[in-house]
Amino acid sequence: MFIDSHSHTKHFSGDGRMDISELISGSLAASLQAIVITEHFDDDYPHDVDTPMACDIDAYFESFQKWKAKAPASLELRFGIELGYQRGLVQRYNDIVHRFPFDSIIMSSHLIYGLDPYFYRDCYDQGAKEVFTRYINDLIEIASGESNFDILGHYDYIGRYAPYKDCKMYYDICPDEFDTLFTALIQTNRSLEINTRSISKLISQGHSNPMPDDRVLLRYKDLGGTFITLGSDAHTSDGIGLHFNETRDYLRSLGFAVATVFKERKPQTISL
Ligand SMILES: [Zn+2]
Ligand SMILES: [Zn+2]
């Protein structure tokens, strides 16, 4: 039994592909005890997309309460959100966070140089070191700023769409920046997400070792990091809890004993 802290439905996430009944059946199939629904809220998203990337949170909360009431007793639904960071949105997001009874809040960056690398492929022309370092610097801004959140989402997002032979986010690309980021997260009691969709991406690229770089995780631990959260970032039911078993084994092999999840914004530990 485990908890997935990152998922999207098609009801409120522009790129979600599963409805709530598929989310529930996928969670039961993955033997989860709870799942956090984290619909996208990327305000001022800089690209023209068919469906908005910022959901109507009032409508989402209203639906969530109905979903929760109808969910099977063996599966707990938690109310979360994935906020897409931009520098000018901190106060607006903090106001939202105070208006709703979230269980768990992921803060993510989906942008590099102000654009989403999913669309802005030219960003990678700068080379892996420059682009990956820039992305980690953006995460440092999030972690050391005034944003109110629990989990830093997918630190390796920038690798997902990279055209390089090896798209993994290695500690040695920018060790000083990783150290600064981890110190800021640890000092503010935020959790580092291990996003297993990033693992899927590396597998699809034929990577010989698709798990997150052990040096990243060991350095986080050495600096005092204990909060690690697993999220599948599922947009379809078969993505729920994907690669959790291998990832839990891997984290245990690195010396982590527990993962952290959030309920009513308070951390809880669960065995890995
Ligand atoms: Zn994301
Ligand atoms: Zn997501």
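Scroll up to find the structure this text is about.
All figures in this text were calculated on a predicted structure; none of them were measured in a lab.

Enquirer: Just checking my understanding: could you explain the overall build of the chain for this structure?
Expert: Secondary structure assignment for the chain yields nine helices and nine strands. Taking 272 residues into account, the globule formula puts the C-alpha radius of gyration at 19 Å, and the chain, at 17 Å, falls close to it. Principal-axis analysis of the C-alpha atoms gives the chain an extent of 50 × 40 × 35 Å. Classification of the 272 residues of the chain by burial places 44% in the buried group. For the chain, contacts bridging at least 24 residues in sequence account for 77% of all contacts bridging at least 6.

Enquirer: Looking at this structure, how should I read the pairing of strand 4 (residues 104-108)?
Expert: Within a regular beta strand, the side chains point alternately toward one face of the sheet and then the other, so they alternate between its two faces. With five of five residues buried, strand 4 lies mostly within the body of the structure. Burial along strand 4 is two-sided: the face carrying Ser104, Ile106 and Ser108 and the face carrying Ile105 and Met107 are both buried. As defined by bridge partners, strand 3 (residues 76-84) adjoins strand 4 across five bridges and the pair is classed as parallel. Across the sheet, residue glycine 84 finds its bridge partner in strand 4, namely serine 108. Taken together, the two bridges between strand 4 and strand 5 (residues 151-152) define a ladder with parallel strand orientation.

Enquirer: Where do I start with the sheet that holds strand 7 (residues 228-231) in this structure?
Expert: One key point about sheets: their strands pair by backbone hydrogen bonds, in either a parallel or an antiparallel sense. An order of 1-2-3-4-5-6-7 is seen for the seven strands of this open sheet, with the pairing classed as parallel. Single-partner strands in this sheet number two, and they are strand 1 (2-4) and strand 7.

Enquirer: Just checking my understanding: could you explain the nonpolar core for this structure?
Expert: Where a protein is soluble and globular, its nonpolar side chains tend to be buried together. Ranked by size, the top nonpolar core spans 70 residues in total, and within it Ile35, Leu83, Met107, Phe132, Leu139 and Leu152 carry the most contacts. Per element, the largest residue contribution to this core is eight residues, and it comes from helix 4 (residues 128-144). Those residues in contact with phenylalanine 132 that sit more than four places away from it in its chain are Ile158, Met169, Ile173 and Cys174.

Enquirer: Would you explain the environment of isoleucine 142 in this entry?
Expert: Structurally, isoleucine 142 can be placed in helix 4. For isoleucine 142, a count of 22 C-beta atoms within 10 Å gives the class buried. A sequence separation of 57 residues divides isoleucine 142 from tyrosine 85, and the C-alpha atoms of the two residues are 7.5 Å apart. In this structure isoleucine 142 touches Tyr85, Met107, Ser109, Ser147 and Leu152, once residues within four positions along its chain are discounted.

Enquirer: Help me understand the packing of helix 6 (residues 175-187) against helix 8 (residues 214-222), please; the structure alone is not making it clear to me.
Expert: Packed helices, taken two at a time, are described by their axes: the angle between them and the distance between them. Relative to each other, helix 6 and helix 8 sit at 45°, their axes nearing to 10 Å. Classed by the angle they form, the pair helix 6 and helix 8 counts as oblique. Taken as a pair, helix 6 and helix 8 cross one another with a handedness that is right-handed. Contact with helix 6, carried on its side by Phe178, Asp179 and Phe182, involves Val216, Arg219 and Tyr220 of helix 8 and no other residues of that element.

Rules behind the numbers
Residues numbered from 1 in each chain as written. Chains lettered and ligands numbered in written order. Predicted model: local features only at pLDDT ≥ 70, side-chain atom pairs only at ≥ 80, totals over all residues. Helix = DSSP H or I, 4+ residues; strand = E, 2+ residues; numbered from the N terminus. Rg over C-alpha atoms; globule rule 2.2 N^0.38 Å. Buried ≥ 20, exposed ≤ 12 C-beta atoms within 10 Å, placed from the backbone. Contact = placed C-beta atoms within 7 Å. Pairing = 2+ DSSP bridges. Core = buried A, V, L, I, M, F, W, Y, C linked by C-beta atoms within 7 Å. Axes fitted to C-alpha atoms, helices over the stretch in contact; angles between N-to-C directions. Parallel < 35°, antiparallel > 145°, perpendicular 65-115°, else oblique. Left-handed = near helix turned anticlockwise from the far one by under 90°.

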